[in-house]
Every structure is written in structure tokens, then in C-alpha cells.
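Structural features, examined
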Amino acid sequence: MKTISIVIPALNEEDGIVQTINAIPKLALESMGYQVQILVVDGSSDNTGHLAEKAGAEVVYEPRLGYGRAYKTGFAHAKGDIIATADADMTYPLEEIPNLVNMLEEESIDFLTTNRYGYMERGAMAPLHRLGNAVLTITTRLLFRLKLNDSQSGMWVFRRALLDKAILRSDSMSLSEELKIEACHFIRCRWKEVPIRYGTRIGKVKLRTWRDGFGNLLYLIKKRVRR
Ligand SMILES: Nc1nc2c(ncn2[C@@H]2O[C@H](COP(=O)(O)OP(=O)(O)O)[C@@H](O)[C@H]2O)c(=O)[nH]1
Ligand SMILES: [Mg+2]
């Protein structure tokens, strides 16, 4: 039987974790022939992990901090032939996963990334973050010749086999751009960027504007110079 793993990193997301798990269209995926593994990678000091378990997710505790660290641990525990990702804050359209999986299958795509500017809710992204994202996406386009519109989106649907080839070193927020650059530039797999709805966050933002913004910019340069 085919399996899909939905991997969700969560750092103190008590307010959004249950709603996020409940928003996963498990039945629709099962009717497509997939066994569904919901995997929450928890680094929280609050009740997030417990709530996630109660809501039916498998929880991996990862005490080492960092978005990238959480994803790498999550990928190591993911059993799926296909992996889908999202935040634990109700910003990404989890209900779209079946459509995205269909697209992956029908168009023989290996890596599907999403563009949050497709249908962005008012107030979903702070003006400064919009500016930062624009700088990072333009830099990604220039350094790696990638026609991406959103280099920082955190919702991807991809074939697990990609992870055998991708070199993922980032432990921080820059994992998001690193995965795209690996898949689309270095591995040159079949990829596509799909516009999605992006909503306003539940709970407190974990992204640290300046530190992550400049960190991600430096990481792009580092990745270009030395893969
Ligand atoms: N396990 C774990 N999850 C994290 C960490 N940092 C961020 N996350 C989660 O990663 C997702 C993305 O973070 P978020 O604050 O939403 O960043 P933004 O969407 O870029 O504004 C959220 O679900 C966070 O809870 C971390 O250090 N450990
Ligand atoms: Mg988020």
C-alpha cells in the first residue's frame, strides 16, 4: 500500500496544533489509496506534543531547536513514498493536499512547492517579511537561475526518493530555500510551483525577522559558493 507522510514541525503551537491536525483530509487521501502518517516534530515546552497525540498524530520529540533540524528529524521518521509538509499554525491549505498529490502523480512531478502570494489573506504576512521574502526570492532566482516566486514557502509535496539525493545541511529557517535549491537546481528533478491560499497565523510567530532574514540571505550565498 502507498503511504503519505504529513510532516509538521511545531514549537509551542498549543493554539493551532489540534486544528491543524484536524484539517488534514485523511479520508480523501485514504480513498485515493494512501495510508496516512501524521507526524508532528515537537520541540515545545508547552502542551503541544500531548495535544497532538490526543488528536491522533504520531509525535517525535526533537529538543534541538531549529526549523531545519525539526524537518530533518521528521524526514528521518517519515515512512511515506510521498511527503507533504505544513506549519502548525493554520496558515497553509491542508485541504489542498489531495489535489497536490494528484498533480504530482498525473504530471510525474518529483517536487511540488507552493507560492503563498497566489491568494494571500490580508495581514497574513507582515510588510517587513514581504520585503525580506522579495529580497530572498530575487537572490535565489539570480544565484540559481530558478523561476521561483516564493523561495520561503513551507508547504511542499514531494517524493521521498528525493531525500536520497538532496544535501540538507541547514538546521534553521534556511532549510526551506535549501530544499528547493537542491530539488530544482542541483538535482534538477521535475518540479513545479503552485499558487495556494495563505492565511493568518494562529499563535505566536517563531520566525525572528532580522536574524532569520539575514541568515537565509547568507545561506544562499554559502550554498552558491560551496554546496
Ligand atoms: N520543532 C520545532 N518546530 C519549529 C521550530 N521553529 C519553528 N518551528 C515550527 O515551524 C513552523 C514555521 O514557523 P513559523 O513561526 O510559522 O514561521 P513562518 O511561517 O515563516 O512565519 C511552525 O509550525 C513552528 O512551530 C523549532 O525550533 N522546532
Ligand atoms: Mg508559519
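Report on the accompanying structure.

Conventions we followed
Residues numbered from 1 in each chain as written. Chains lettered and ligands numbered in written order. Predicted model: local features only at pLDDT ≥ 70, side-chain atom pairs only at ≥ 80, totals over all residues. Helix = DSSP H or I, 4+ residues; strand = E, 2+ residues; numbered from the N terminus. Rg over C-alpha atoms; globule rule 2.2 N^0.38 Å. Contact = placed C-beta atoms within 7 Å. Axes fitted to C-alpha atoms, helices over the stretch in contact; angles between N-to-C directions. Parallel < 35°, antiparallel > 145°, perpendicular 65-115°, else oblique. Left-handed = near helix turned anticlockwise from the far one by under 90°. Near = placed C-beta within 6 Å. Nonpolar A, V, L, I, M, F, W, Y, C, P; charged D, E, K, R; others polar. Pairing = 2+ DSSP bridges. Core = buried A, V, L, I, M, F, W, Y, C linked by C-beta atoms within 7 Å. Buried ≥ 20, exposed ≤ 12 C-beta atoms within 10 Å, placed from the backbone.

The helix and strand inventory of the chain stands at nine helices and seven strands. Relative to the 2.2 N^0.38 estimate, which gives 17 Å for 227 residues, the radius of gyration of the chain is 16 Å and therefore close to what a compact globule would have. Across its three principal axes, the chain shows a C-alpha extent of roughly 45 × 40 × 35 Å. In the chain, of all internal contacts separated by at least 6 residues, the share reaching a separation of at least 24 is 77%.

What follows covers the packing of helix α8 (residues 175-186) against helix α9 (residues 209-225). Two numbers describe how α8 lies on α9: the axes approach to 10 Å, and their chain directions differ by 30°. Classified by the angle their axes make, α8 and α9 are roughly parallel. As α8 packs across α9, the resulting crossing turns out to be right-handed. Touching E177, E178 and I181 of α8 are N216, Y219, L220 and K223, all from α9.

This part covers the site of ligand 1. The environment of ligand 1 is formed by 19 residues, the closest being P9, L11, G43, A70 and K206. Among the elements of the structure, β1 (2-10), β2 (34-42) and α4 (67-77) are those that each provide at least two residues to the shell around ligand 1. Tallied by class, the residues present in the shell around ligand 1 amount to 10 nonpolar, three polar and six charged.

On to unusual backbone geometry, then. If you check the backbone angles, M90 has positive phi at about 65° while not being a glycine. Inspection of the secondary structure puts M90 in the loop between β4 (82-85) and α5 (97-106).

Further remarks concern the sheet that holds strand β3 (residues 58-61). What the seven strands build is an open sheet, ordered β3-β2-β1-β4-β6-β5-β7; its pairing is mixed. Either end of the sheet is taken by a strand with one partner, and the two such strands are β3 and β7 (191-198). Strand-to-strand twist in this sheet, taken as the mean axis angle between neighbours without regard to direction, amounts to 25°. Sheet topology places β1 next to β2; nine bridges connect them, and they run parallel. Residue pairing in the sheet places P9 in a bridge with V41 of β2. Against the sheet, α4 touches β1, β2, β3 and β4, its axis set at about 155° to β1. Sheet strands in contact with α5 are β1, β4, β5 (111-120), β6 (156-159) and β7, and its direction is about 40° off that of β6.

Formed by 50 residues in total, the largest nonpolar core has its most connected members in V7 and V157. In this structure, V7 is in contact with L39, V41, Y71, G74, F75, A78, I83 and T85, ignoring residues within four places of it in sequence.

The next thing to look at is the pairing of β5. The two faces of the sheet receive side chains in turn, since in a regular strand these alternate between them. In this structure, β5 lies alongside β6, joined through three bridges in antiparallel fashion. When the sheet's bridge partners are listed, T113 is paired in β6 with W156. Bridge count between β5 and β7: seven bridges; the pairing is parallel. Bridging across to β7, T113 finds its partner in E193.

The quantities given are spatial measurements derived from coordinates; they are silent on function.
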